[in-house]
Amino acid sequence: MVAEKKYEPIDFVLFGTAGDLARRKLLPSLYQLDKANLLHEGSKVIGVARREMSKDEYVETIRTNFESFLGEAVCEETWLRFIARVDYVKIDMTEPEDYSKLCAHVDKSRVMVCYFATPPSIFGALCKGMDHAGVIDESVRVVLEKPIGNDLASSIVINDQVAEFFDEKQIYRIDHYLGKETVLNLIALRFANSIFATNWDHNCIDHVQVSVAESVGIEGRWGYFDDAGQMRDMVQNHLLQILTLIAMEPPATLDADSIRDEKLKVLKALRPINSSNINDKTVRGQYGTGFVAGKEVPGYLDEPDANQKSATETFVAIKAEIDNWRWAGVPFYLRTGKRLPAKVSEIVIYFKRQPHNLFSDSFSTLPPNKLVIRLQPDEGVEVTVMNKVPGIASMGSMDLQKSQLDLSFSEEFADSRIADAYEKLLLEVMQGNQALFVRRDEVEQAWRWADSIIDAWKHSNEAPETYQSGTWGPVSSIGLLAKEGRSWYESKIKRKRK
Ligand SMILES: NC(=O)C1=CN([C@@H]2O[C@H](COP(=O)(O)OP(=O)(O)OC[C@H]3O[C@@H](n4cnc5c(N)ncnc54)[C@H](OP(=O)(O)O)[C@@H]3O)[C@@H](O)[C@H]2O)C=CC1
Ligand SMILES: O=C1O[C@H](COP(=O)(O)O)[C@@H](O)[C@H](O)[C@H]1O
């Protein structure tokens, strides 16, 4: 559907345009916004990288990448409009003098959005270079990629470097999970439906599961990933952000700080995990060889560039607890890993069982109601309820059956295209709305909690458990729930594959 609204003209400067993220996600998202008529006709896209490239060569590279990453045929009309906006500037980002080349490409009377798709270690240099070129003023917005730093201390250094040049109101810390349609739908589900809003606490909810399973390995990113591990790559940001949206109190409004204040309170209420309880509350694993989607894949230590002695985790399961009134006694089990059987992300809310079973012939104990929010793929929402099986049997022998009320987004909203998270978030930056971006105090609080776990692992002297690629992670991750009489939700994807 073509949007009617025209937005203001923007100079979008993409630092790191030759990198993996820019090629796979950012440039295709800008193209999609253009296709949906959501870019002002005067908006420009200025790619910056350190390699020598003419504009024509840059355009050719974008086209080649679109063939691989767009996921649909290129629309020639949009393509011609898009490339007319595009330009390329070669800058060595560690060399302040080089940034003056930008001046010829940006118009200081317009909003400039600068996307730092580079390693965070050069965010400070980027700010200094822009300052040196005299292109910084209050109309500039900067987008910072995650993870910001490697721990709390390094994130403070990076945030301080950026804060020297930009006010917090100009800084957009991106967590692309906050742009996913189904993650955003959590806010609608919780606060637009009284059946959920009134049952959303320790009185009604037994426990919560958040699983973000990936079938890919580290995709040639050994240098980055081995320093990070799944805890810094996924838990410190994406999984904790999901957790805050599930657990936060209703914000007063949907404005940026109302939401972010509530998310921060959840992060502050997370019970610390440290050396005293690390073995009880966490499991970490590293993938070995195995088969994913019928294809043999190498183990983590056999990946290109691997250091054979690496103890970096590629799988994490955690029992998180939130020490506040609403969530007292309700565990939040988080699980994420690479080279699992399928790419599937789900939130499962397990409601408490009925206090008494009237139907003892059908079920020895009545199964709990579940709310399943499928983040990806097959985005949707499912509620498990108990029903009577039709029949004329007497009341005393009424048969029950567990059934699903299933809302699949692709069926319910068949005419709407589900936009990639980056499209949504790029548009929000262009509109100057920070609600879906992470505030500095949130990032730092998330690091405090994650650092304590990472430190405890380091001091435990235990290596991560190896799991076979194509399985659901180390056996101990099953034990994490089993010892409390619970089990991981068996994803529909997995059921279909049986
Ligand atoms: N890739 C992904 O899926 C995701 C990435 N991120 C984050 O996004 C950011 C970018 O990641 P990714 O694209 O994977 O990284 P890449 O290493 O693929 O790309 C980084 C880009 O920065 C450029 N660069 C680095 N140093 C300099 C320099 N001194 N001068 C000029 N250019 C420089 C590189 O140039 P050159 O090509 O010349 O080396 C390259 O274009 C990182 O912060 C990462 O953590 C976050 C989520 C997912
Ligand atoms: O940020 C990251 O996210 C991806 C997973 O994102 P998704 O949208 O495909 O679920 C992950 O593979 C990558 O390692 C991490 O840096």
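The rules behind these values
Residues numbered from 1 in each chain as written. Chains lettered and ligands numbered in written order. Predicted model: local features only at pLDDT ≥ 70, side-chain atom pairs only at ≥ 80, totals over all residues. Heavy atoms only, no water. UniProt positions renumbered as here; feature names shortened; annotations may be inferred. Buried < 20%, exposed > 50% of the residue type's maximum accessible area, 1.4 Å probe, protein only. Contact = heavy atoms within 4.5 Å. Near = heavy atom within 4 Å. Polar contact = N/O pair within 3.5 Å; in protein donor to acceptor, adjacent residues only side chain to side chain. Areas by Shrake-Rupley, 256 points an atom, 1.4 Å probe, with all protein chains shown as cover. Helix = DSSP H or I, 4+ residues; strand = E, 2+ residues; numbered from the N terminus. Nonpolar A, V, L, I, M, F, W, Y, C, P; charged D, E, K, R; others polar. Salt bridge = Lys/Arg side-chain N within 4 Å of Asp/Glu carboxyl O. Pairing = 2+ DSSP bridges. Axes fitted to C-alpha atoms, helices over the stretch in contact; angles between N-to-C directions. Phe/Tyr/Trp six-rings, centres within 6.5 Å; stacked < 30°, edge-to-face > 60°. Lys NZ or Arg CZ within 6 Å of the ring centre and 35° of its normal.

As annotated in an unreviewed UniProt entry, the protein is Glucose-6-phosphate 1-dehydrogenase from Glaciecola petra. UniProt lists a comment for the protein under the heading Sequence similarities (unreviewed entry), and it reads "Belongs to the glucose-6-phosphate dehydrogenase family." Heading Catalytic activity (unreviewed entry) of the UniProt record for the protein holds this comment: "D-glucose 6-phosphate + NADP(+) = 6-phospho-D-glucono-1,5-lactone + NADPH + H(+)".

J.: Could you clarify how one ought to interpret the UniProt feature "active site" (unreviewed entry) in the protein in this entry?
T.: Under the UniProt annotation, "active site" (unreviewed entry) lies at His238. Relative accessible area serves as the criterion here: at 1%, His238 is assigned to the buried category. Leave out the neighbours within four places in its chain, and His238 touches Lys146, Asp175, His176, Tyr177 and Asp233.

J.: Help me understand the site of ligand 2, please; the structure alone is not making it clear to me.
T.: Lining the immediate surroundings of ligand 2 are Lys146, His176, Tyr177, Lys180, Glu214, Arg221, Asp233, Met234, His238, Lys338, Lys343 and Gln376. The side chain of His238 places a nitrogen or oxygen atom 2.8 Å from an oxygen atom of ligand 2. Lys338 has a polar side-chain atom sitting 2.9 Å from an oxygen atom of ligand 2. Relative to its free-state accessible area of 390 Å², ligand 2 is covered by the protein chains to the extent of 81%. Per element, the largest residue contribution to the shell around ligand 2 is three residues, and it comes from helix H8 (residues 222–247).

J.: What is the right way to read the site of ligand 1 from this model?
T.: Around ligand 1, the surrounding shell holds 21 residues, and the nearest of these are Asp20, Leu21, Arg24, Arg51 and Thr118. Between ligand 1 and Arg50, the relevant distance is 2.9 Å, taken from an oxygen atom to a side-chain nitrogen or oxygen of the residue. Taking Lys146, its main chain carries an N or O atom lying 3.1 Å from an oxygen atom of ligand 1. Expressed as a share of its isolated accessible area of 900 Å², the protein-covered part of ligand 1 is 81%. Tallied by class, the residues present in the shell around ligand 1 amount to nine nonpolar, four polar and eight charged.

J.: It is not clear to me how the pattern of salt bridges should be interpreted in this structure. Could you clarify?
T.: Pairing between side chains becomes possible if they bear opposite charge and their charged atoms approach one another. Per the counting criterion, the structure on display carries 36 salt bridges. Across the pair Arg63 and Glu67 runs a salt bridge, and its minimum N-O distance is 3.0 Å. On the criterion of helical spacing, the pair formed by Arg63 and Glu67 is a turn pair, its members being four residues apart in helix H2 (residues 55–69). What makes Arg63 partly exposed here is its relative accessible area of 22%. Glu67 gets classed as exposed once you look at its relative accessible area, which sits at 55%. Asp98 serves as the salt-bridge partner of Lys101, at 3.2 Å between the closest nitrogen and oxygen. A cluster of three or more residues bridged by salt bridges with shared partners is formed by Asp206, Arg271, Lys281, Lys319, Glu321, Asp323, Glu484 and Arg486.

J.: Help me out: how do you make sense of the sheet that holds strand E3 (residues 86–90) in this one?
T.: Within a beta sheet, neighbouring strands are joined by backbone hydrogen bonds and run either parallel or antiparallel to one another. Spatial strand order, E3-E2-E1-E4-E5-E6: six strands in an open sheet with parallel pairing. At either end of the open sheet lies a strand with only one pairing partner, and these are E3 and strand E6 (171–173). With strand direction ignored, the average angle separating the axes of adjacent strands in the sheet is 20°. Strands strand E1 (10–15), strand E2 (44–49) and strand E4 (111–116) of the sheet are contacted by helix H1 (residues 20–35), whose axis makes an angle of about 170° with E1.

J.: Where do I start with the side chain of Lys263 in this structure?
T.: Note that Lys263 resides in helix H9 (residues 256–269). At 3.0 Å, the side chain of Lys263 forms a polar contact with the side chain of Glu442. The contacts of Lys263, once residues within four sequence positions are left out, are Leu178, Gln241, Thr244, Leu245, Met248 and Glu442.

J.: Is there a simple way to explain the packing of aromatic side chains in this structure?
T.: The full count for this structure, using the stated rule, is 18 aromatic pairs. Seen in terms of ring centroids, Phe66 and Trp79 are 5.7 Å apart; in terms of plane orientation they differ by 70°. Their pairing is edge-to-face. Residue Phe66 is found in helix H2, and its partner Trp79 is found in helix H3 (residues 76–85); the two are separated by 13 residues along the sequence. No difference in accessibility class separates Phe66 from Trp79, as the two residues are buried. Among the aromatic residues, ring-to-ring pairing joins Phe15, Tyr99, Phe116 and Phe123 into one connected group. Over the aromatic face of Trp79 sits the side chain of Arg63, whose NZ or CZ is 5.1 Å from the ring centroid. Directly above the ring of Tyr177 sits Lys180, whose terminal nitrogen or CZ lies 4.6 Å from the centroid.

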